[in-house]
Amino acid sequence: MKKYLLEILMFSAYALFAASWVSGAILTPDIQSSFGEEGFANATWGSNVITLAKVAGNLAAAMLLVRLGAKRAFTLAMVLIAVGGLGALAGDYNGWLLSRLALGLGGALAIVYFNPVVLHYFSAAERPLINGINAAAFNTGNLLALLSTGALTAWLGNWQSVVALYGVMLVALAVLWWLSAEDFSLSGGGNRPAEKYGLLEGMREAFNWWLPLAYCGVLFCYIAVFALFPLIDGFAVASNHLSAVMIAAGMVGTAAGIVVTKRYPLRLPVLRYAGLALVIFAALMLVSRNPFIAYAAAALAGFFMFLPMTALVTLPQELPGMTPARITVTFAMFWSISYTVETALMYGAGVLADSSGQPAMAAYFAVACSASLFLVSFVLPESGRKATVTEADNGTESATA
């Protein structure tokens, strides 16, 4: 039962990371007022430092895992997330921003460490379910914050208590993790020699570049729904309603993705056709002037945005020769590159909207970028079982050997 306890602790830690991030964003007016700050640009720093920290933290994750081991590395991730919540007690705005920086670093480490732990503890048959559950962690925390922040603020009396509550909960999780977790070999087996596989080795493999390039457009579209769409008028329905519908449908899509990945043996068709459906329905969501069609398209866009996530995470775990060390580097690069490209695309969307004088162009640009999953799927390797059988028939080495 240990592996299930560790999975619950990991999932809870990342969900609370998301809740702490989103609740801080929701409470930004109260936070600025408390510290005597003002201005929209200044307000964005609370989220910007988290994004910047995630890029740096993702790159550092592999090195820390090798040096600290799985037990200490994930404990560090939880402690950093806790600091992000307890930073509500900071004496000034700079202290608050530093705590948000710690929050981003902890979240970056945690999401990378999902993969070596899953690869080590769970069998190939179990991984699609666990990967799908983990893919829903951020949305779970997001929904938790959206639904509870107002009520918690009214109950606890101030924003500091709400955000600090998440920090206290993370401290409890960190203690439980420390008491339950153990270190394990990163080479894929206790009898194998230590593997030297770091970022330099990872950067030489084309797959480690193609995988984040497939996802970065989807990530940009997801974030644009919350960051850009509310700034744009002219949709058939309120943009915040579209966001809520997409999140809810995304949870259903995640569950469907688990079932599809477990029952369907190939990964690339799932990525390809879900990616194409995402582009089609997201575009329909924008151009339709019928509220019913807009809501239905938003739901389908959210569904197909999250349906391929289980297959996307499972694919690299199934590649030949994959070890905890290699999978850590793969996902360290995956998240760092994805967020770096997403940040550039977000800036580009703003420039496009300003230069054209049409804010809606930013939304169209975000939807167009979501085609990255469909396009890049044509150069990704197939790891599914049918590909293995075909290779075996041709006399080549099995992909799961």
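Everything numeric in this text was worked out from a predicted model, so none of it was measured. (Residues numbered from 1 in each chain as written. Predicted model: local features only at pLDDT ≥ 70, side-chain atom pairs only at ≥ 80, totals over all residues. Heavy atoms only, no water.)

Undergrad: What exactly am I supposed to notice about the overall build of the protein here?
TA: Counting its secondary structure elements, the protein contains 18 helices and zero strands. Burial analysis of the protein (401 residues in total) assigns 54% to the buried set. Expressed as a percentage of contacts within the protein between residues at least 6 apart in sequence, the contacts between residues at least 24 apart total 84%. Element-wise, carbon and sulfur atoms account for 68% of the exposed surface of the protein, whose accessible area totals about 16,800 Å². (Helix = DSSP H or I, 4+ residues; strand = E, 2+ residues; numbered from the N terminus. Buried < 20%, exposed > 50% of the residue type's maximum accessible area, 1.4 Å probe, protein only. Contact = heavy atoms within 4.5 Å. Areas by Shrake-Rupley, 256 points an atom, 1.4 Å probe, with all protein chains shown as cover.)

Undergrad: Sorry if this is basic, but what is going on with the pattern of salt bridges here?
TA: Oppositely charged side chains can form a pair if their charged atoms are brought close together. For the structure on display, the rule yields five salt bridges. With a shortest N-O distance of 3.1 Å, Glu126 and Lys3 are connected by a salt bridge. Remark: Lys3 occurs in helix α1 (residues 2-26) and Glu126 occurs in the loop between α5 (93-121) and α6 (127-135); sequence separation between them is 123 residues. Looking at Lys3, the relative accessible area reads 22%, which means it is partly exposed. Between Glu318 and Arg267 there is a salt bridge whose closest N-O contact spans 2.8 Å. Here Glu318 is found in the loop between α14 (309-317) and α15 (324-356), whereas its partner Arg267 is found in the loop between α11 (239-263) and α12 (268-287), with 51 residues between them in sequence. The class of Glu318 is buried, set by a relative accessible area of 18%. (Salt bridge = Lys/Arg side-chain N within 4 Å of Asp/Glu carboxyl O.)

Undergrad: Would you take a moment to explain the packing of aromatic side chains for this structure?
TA: Geometrically, a pair of aromatic rings is defined through the distance of the ring centres and the angle of the planes. Applying the stated criterion across every chain, the model contains 21 aromatic pairs. Between Tyr4 and Phe122 the ring centres are 5.8 Å apart and the planes differ by 70 degrees, which places this aromatic pair in the edge-to-face class. Of this pair, Tyr4 sits in helix α1 while Phe122 sits in the loop between α5 and α6; the two residues are 118 residues apart in sequence, bridging distant segments of the chain. Residue Tyr4 is classed as partly exposed on the basis of its relative accessible area, which comes to 37%. Taken together, a centroid distance of 5.7 Å and an interplanar angle of 80 degrees make the contact between Tyr121 and Phe184 edge-to-face. A residue pair is termed long-range when its members are at least 10 positions apart, and Tyr121 in helix α5 and Phe184 in the loop between α8 (159-180) and α9 (199-203) qualify at 63 residues. Phe184 sits in the buried class, given a relative accessible area of 12%. Here a set of aromatic residues connected by ring pairs shows up, and it is made of Tyr14, Phe17, Trp21, Phe114 and Phe138. Just above the ring of Trp178 sits the side chain of Lys71; from NZ or CZ to the centre is 4.4 Å. Looking at Arg272, its charged tip hangs above the ring of Phe378, at a distance of 4.1 Å from the centre. (Phe/Tyr/Trp six-rings, centres within 6.5 Å; stacked < 30°, edge-to-face > 60°. Lys NZ or Arg CZ within 6 Å of the ring centre and 35° of its normal.)

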